[in-house]
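The residues making up each chain are set out below.
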Amino acid sequence: MIPAWIADMDLPTAPAVIEALRRRVGADLGYPAWLDKPNAGPLAEAFAERMAGRYNWSPDPSLVRSFSDLNQALQVLLHVWTKPGDGVAVHTPAYHPFLTTLQIMERPLYAIQAEPDGDSWRFEVPDLTGCRVLLLVNPHNPTGRVFTREELTALAEQAERHDLLVISDEIHSDLTFEPHQHIPFATILPERTVTLTSATKAFNLGGIRVSVAHLGHQGVRKALEAQPPFVYGSANLFGVEATVAAWRHGDAWLDEVRALLDRHRHTIADRLPGTFRYRIPQATYLAWLHVGREGMAEVIEREAKVLLTDGAGFGPGGAEYVRLNFATSEPILTEILNRLSGIR
């Protein structure tokens, strides 16, 4: 059985991260100096540096808070800013834990449905009357779509018109392929945006459990400041060390990985059997494959011995799809594609 479902790379960790963790283990494991600060200390500084260096955005480090991951951050934000019955607009199909969060927290989903558009996807901007929040995932998971400035501007106009908080999940931004460019939503509508990101996807650090939230929205900042300082936990020492090392010293490794992923996304297009429909993602290491009927993840697991994610869990528009993680070595990807060739 080949597991190609969870969004975690089958690749070694960046040497800069390993070295930073080894130094920390061999040195001081006591309380960090930044523990009692409301923002994320060195994590906030490294985040601000990275955004300025890569995306021409200069966020204020003092507006950064740390969380364990983006799921926790989203749940905290919805908890302090919304109430049951408040609508949340999401581009669908959507990252399934986010949909589960909305269901459990009783925040109705307003689906902005993806539609095939040539070799990519489009999302029509709907009327968001009745929404309280726009949850933007850019680059988009699972389609790999990178939103253009025109699309983001249209969403910003809707957010202004309907007085929306925009929660912008940008965790896949460092995995954008040329000629596409990631544009932080906060550069378009800073006063309404909370930006969520982490080094965990681009640098394969899923177990590190650290993310950041940049709180551009003043009301959200005040709502969080009214909470006890540790009620949602705090960043852990190793997570901060790993993240700072990745963002400041890991780009040579990331360039090699992105080059590998770039080749892989085209290899899939060249070798995927005709029974599957595939649009090459503009970012991420996730292939969103149309298989034409429901329940095919189970069939593929049984007949091809490849574990993929069933698209039904991604909400509207996902039932006839499966998601393939191609962040692996070339021989393993070749074997996956060989096995899929027998699926009818």
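Conventions adopted
Residues numbered from 1 in each chain as written. Predicted model: local features only at pLDDT ≥ 70, side-chain atom pairs only at ≥ 80, totals over all residues. Heavy atoms only, no water. Buried < 20%, exposed > 50% of the residue type's maximum accessible area, 1.4 Å probe, protein only. Helix = DSSP H or I, 4+ residues; strand = E, 2+ residues; numbered from the N terminus. Pairing = 2+ DSSP bridges. Axes fitted to C-alpha atoms, helices over the stretch in contact; angles between N-to-C directions. Left-handed = near helix turned anticlockwise from the far one by under 90°. Contact = heavy atoms within 4.5 Å. Nonpolar A, V, L, I, M, F, W, Y, C, P; charged D, E, K, R; others polar. 1 Å grid on protein atoms, 1.4 Å probe; cavity = no way out; pocket = protein on both sides within 12 Å on 5 of 7 lines; lining within 4 Å. Points joined across faces, edges and corners; volume = space filled by probe spheres on them. Patch = residues over 30% accessible without salt bridge, like charges linked within 9 Å, V, L, I, M, F, W, Y side chains within 5 Å. Areas by Shrake-Rupley, 256 points an atom, 1.4 Å probe, with all protein chains shown as cover. Salt bridge = Lys/Arg side-chain N within 4 Å of Asp/Glu carboxyl O. Phe/Tyr/Trp six-rings, centres within 6.5 Å; stacked < 30°, edge-to-face > 60°. Lys NZ or Arg CZ within 6 Å of the ring centre and 35° of its normal.

Attention shifts here to the pairing of strand β14 (residues 321-325). Extensive coverage of β14 is indicated by the burial of five of its five residues. Of the two faces of β14, the one lined by Tyr 321, Arg 323 and Asn 325 and the one lined by Val 322 and Leu 324 are each fully buried. Bridge count between strand β13 (residues 309-310) and β14: two bridges; the pairing is antiparallel. Note that in β14 the partner of Asp 310 across the bridge is Val 322.

Next up on the list: the packing of helix α1 (residues 15-25) against helix α7 (residues 237-249). Orientation of α1 relative to α7, taken along the N-to-C sense of each, is 140°, at an axis distance of 8 Å. The handedness of the crossing between α1 and α7 is right-handed. Between α1 and α7, the contacting residues are Ala 16, Val 17, Ala 20, Leu 21, Arg 24 and Val 25 on the first element and Leu 237, Phe 238, Glu 241, Ala 242, Ala 245, Ala 246 and His 249 on the second. Across the contact of α1 with α7, the residue classes break down as 10 nonpolar, one polar and two charged.

The strands making up a sheet are joined through hydrogen bonds of the backbone, oriented either antiparallel or parallel. Ordered in space as β10-β11-β14-β13, the four strands form an open sheet in which the pairing is antiparallel. The sheet terminates laterally at β10 (277-278) and β13, the two strands that pair on one side only.

Here the largest pocket is characterised by a volume of approximately 540 Å³. Lining the largest pocket are 29 residues; nearest its centre among them are Ile 6, Ala 7, Asn 71, Tyr 95 and Lys 201. When residues in the lining of the largest pocket are grouped by element, the largest group, three residues, is from helix α4 (residues 96-105). Classifying every residue of the lining of the largest pocket by side-chain character gives 12 nonpolar, 11 polar and six charged.

Moving on, we come to a nonpolar patch on the surface. Taken together, the side chains of Val 25, Leu 29 and Phe 238 define a hydrophobic patch exposed on the protein surface, amounting to about 270 Å² of accessible area. The topology assignment puts Val 25 in helix α1.

For the rest of this paragraph, the subject is the pairing of strand β6 (residues 131-137). Across the seven residues of β6, six count as buried, placing the element largely inside the fold. In this structure, strand β3 (residues 87-92) lies alongside β6, joined through four bridges in parallel fashion. Among the inter-strand pairings, Ala 89 is bridged to a residue of β6, identified as Leu 134. Where β6 meets strand β7 (residues 165-169), five bridges bridge the pair, whose relative direction is parallel.

Read from one edge to the other, the open sheet built from eight strands follows the order β2-β9-β8-β7-β6-β3-β4-β5, with strand pairing classed as mixed. Here the strands that pair on one side only, and so sit at the sheet edges, are β2 (64-67) and β5 (120-123). The sheet shows a mean angle of 25° between the axes of neighbouring strands, direction not considered. Bridge count between strand β8 (residues 193-197) and strand β9 (residues 211-215): four bridges; the pairing is antiparallel. Paired with Leu 196 across the bridge in β9 is Ala 213.

Counting across every chain of the model gives eight aromatic pairs. An angle of 90° between the planes, with centres 5.8 Å apart, marks the rings of Phe 47 and Trp 57 as edge-to-face. With Phe 47 in helix α2 (residues 42-55) and Trp 57 in the loop between α2 and β2, this pair connects stretches of sequence that are 10 residues apart. Classification of Phe 47 as buried rests on a relative accessible area of 0%. Its relative accessible area of 8% is what places Trp 57 among the buried residues. Here the guanidinium or amino end of Arg 279 rests over the ring plane of Trp 121, the centre of that ring lying 5.0 Å away.

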